[in-house]
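In case you want the letters, here they are:
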Amino acid sequence: MAKSNKPVVWFPFAAGGTVIAFFIPVIVVLTLMAALGHVPAGLSYERMHAFATCGLGKLVIFGVVALSLWSSAHRLRCTCYDFGLRADTLAATVLYIAALAASLVVALALLKI
Amino acid sequence: MSRRPLVREVPPTTWYFRQPRYMRYMSREITSIFVGAYCMFLVVGLQRLAAGPSAWEGFLQALTSPASIVFQFLALVAAVYHAATWFNATQKAMPVQIGEDFVPGNVISGAHYVAWAVLSVVILHLAGVF
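We now turn to the structure provided with this report. On a predicted model such as this, the values are computed, not experimentally measured, just so you know.

1. Remarks on the packing of helix 3 (residues 55-82) of chain A against helix 4 (residues 88-112) of chain A
All names here are of chain A.
No. 1: At their nearest, the axes of helix 3 and helix 4 sit 9 Å apart, and the two run at 165 degrees to each other. Between helix 3 and helix 4, the angle falls in the class roughly antiparallel. Considering only the axes of helix 3 and helix 4, their crossing is right-handed.
No. 2: In the contact of helix 3 with helix 4, the residues fall into 20 nonpolar, two polar and three charged.

2. Examining the interface of chain B and chain A
No. 1: Taken together, the contacts link 54 residues of chain B with 51 residues of chain A.
No. 2: Across the interface of chain B and chain A, roughly 4,500 Å² is buried in total on both sides, 76% from carbon and sulfur atoms.
No. 3: Contact with chain A buries area across many residues of chain B, yet B:Leu46, B:Leu49 and B:Trp86 alone supply 13% of it, more than any other trio.
No. 4: Linking chain B with chain A are zero salt bridges.
No. 5: Applying the counting criterion to the chain B and chain A interface returns 17 residue pairs in polar contact (both at pLDDT 80 or more).
No. 6: Breaking the side of chain B that touches chain A down by element, the ones donating at least two residues are helix 1 (20-50), helix 2 (53-63), helix 3 (66-93) and helix 4 (105-126) of chain B.
No. 7: Of the residues that constitute the side of chain B that touches chain A, the class distribution is 39 nonpolar, 13 polar and two charged.

3. What about the environment of B:Thr14?
No. 1: Checked against the element boundaries, B:Thr14 lands in the segment before helix 1.
No. 2: Measuring from C-alpha to C-alpha, the distance between B:Thr14 and B:Thr64 comes to 37 Å, with 50 residues separating the pair along the chain.

4. What about the packing of aromatic side chains?
No. 1: Here the structure, examined in full by the defined rule, presents 17 aromatic pairs over all chains.
No. 2: Relative to A:Phe13, the ring of A:Trp10 has its centre 5.0 Å away and its plane inclined at 80 degrees; by these criteria the two rings are edge-to-face. Taken together, the residues span about one helical turn, with A:Trp10 and A:Phe13 both in helix 1 (residues 6-35) at a distance of three residues.
No. 3: Owing to a relative accessible area of 45%, A:Trp10 belongs among the partly exposed residues under this scheme.
No. 4: Overall, A:Phe13 belongs to the buried group, its relative accessible area being 12%.
No. 5: Seen in terms of ring centroids, A:Phe22 and B:Phe87 are 4.9 Å apart; in terms of plane orientation they differ by 50 degrees. Their pairing is tilted. Of this pair, A:Phe22 sits in helix 1 while B:Phe87 sits in helix 3, each in a different chain.
No. 6: Counting every residue linked through ring pairs, the aromatic cluster contains A:Phe83, B:Trp15, B:Tyr16, B:Phe17, B:Tyr22 and B:Tyr25.
No. 7: Directly above the aromatic system of A:Tyr81 lies the positively charged group of A:Arg86, at a separation of 4.2 Å from the ring centroid.

Here is what the cut-offs are and how they apply
- Residues numbered from 1 in each chain as written.
- Chains lettered and ligands numbered in written order.
- Predicted model: local features only at pLDDT ≥ 70, side-chain atom pairs only at ≥ 80, totals over all residues.
- Heavy atoms only, no water.
- Axes fitted to C-alpha atoms, helices over the stretch in contact; angles between N-to-C directions.
- Helix = DSSP H or I, 4+ residues; strand = E, 2+ residues; numbered from the N terminus.
- Parallel < 35°, antiparallel > 145°, perpendicular 65-115°, else oblique.
- Left-handed = near helix turned anticlockwise from the far one by under 90°.
- Nonpolar A, V, L, I, M, F, W, Y, C, P; charged D, E, K, R; others polar.
- Contact = heavy atoms within 4.5 Å.
- Buried area = accessible area lost by both parts, 1.4 Å probe.
- Salt bridge = Lys/Arg side-chain N within 4 Å of Asp/Glu carboxyl O.
- Polar contact = N/O pair within 3.5 Å; in protein donor to acceptor, adjacent residues only side chain to side chain.
- Phe/Tyr/Trp six-rings, centres within 6.5 Å; stacked < 30°, edge-to-face > 60°.
- Buried < 20%, exposed > 50% of the residue type's maximum accessible area, 1.4 Å probe, protein only.
- Lys NZ or Arg CZ within 6 Å of the ring centre and 35° of its normal.

Here it is as C-alpha cells:
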C-alpha cells in the first residue's frame, strides 16, 4: 500500500475550514464590538475565565483555535505557492511548525487557567 | 517520476491576472492571510486571559486602537467571504444521494447557511449581545 502523509495534513485542514466558516465570523463580530467600545457581557474577564475553566470550555476553545490555525497554515502554504514562492517544503515547514507552536501556546494557556 | 515540463511558460507571480475566474480564486486565497493573522490574534488573547484580569483588561483596551479596528474589519470581511465560498463548495465536495437521485446542491449549501445563521445567533446570545 502506498504510504502518504496527505490524510494527516488534510483531515485537520478540512475540519479547520469548516470550523473557521462556522465560528470565526461570529467571533470576529464579538471582538469587533469590543474594539468599537461595546464590550459584550460574555467578554468580561469573569465570564471568559469561567468558560475557560470548565473542561468542555477548554476543549471547545482548543478545538476551534488549533483546527483554525492548522487550516490557515495549510491555506497559507497554498497561497505562497500561488503567488510564485516555489520553496514549498520551506513554506510548509515554517507554517506547520508555527501552527503547532501556537496550538501549544493555547494548550499551555488553557492548562494555566 | 517527474512531471513533463509545461509546454507554455506560465508567469509564476502574475498568472491570475489572465482571467476573472483566476482572480476570484486568488481573492479567496488572500482571505487565508487575514484569517491566519486573526487566529494568531486569538492565541494572544487566550494567553492574556491566562495571565490574569489586568492583562485581559489591557488586551480589551488594546483592541480599541484604530489599527486593531481596521484589522478586525478586514478579518470580518475575509472570514465571511471564506464561509460563504466554503458553504457554496459543500454541494460539490459532498454530494448526498438518496436512492437514485442526488439531493439538489442548493439544499445542501442552504442547510449549511441555515446552520451557520442559527449557530451565530446562539453564540451571540451566549456572549450576552442580546
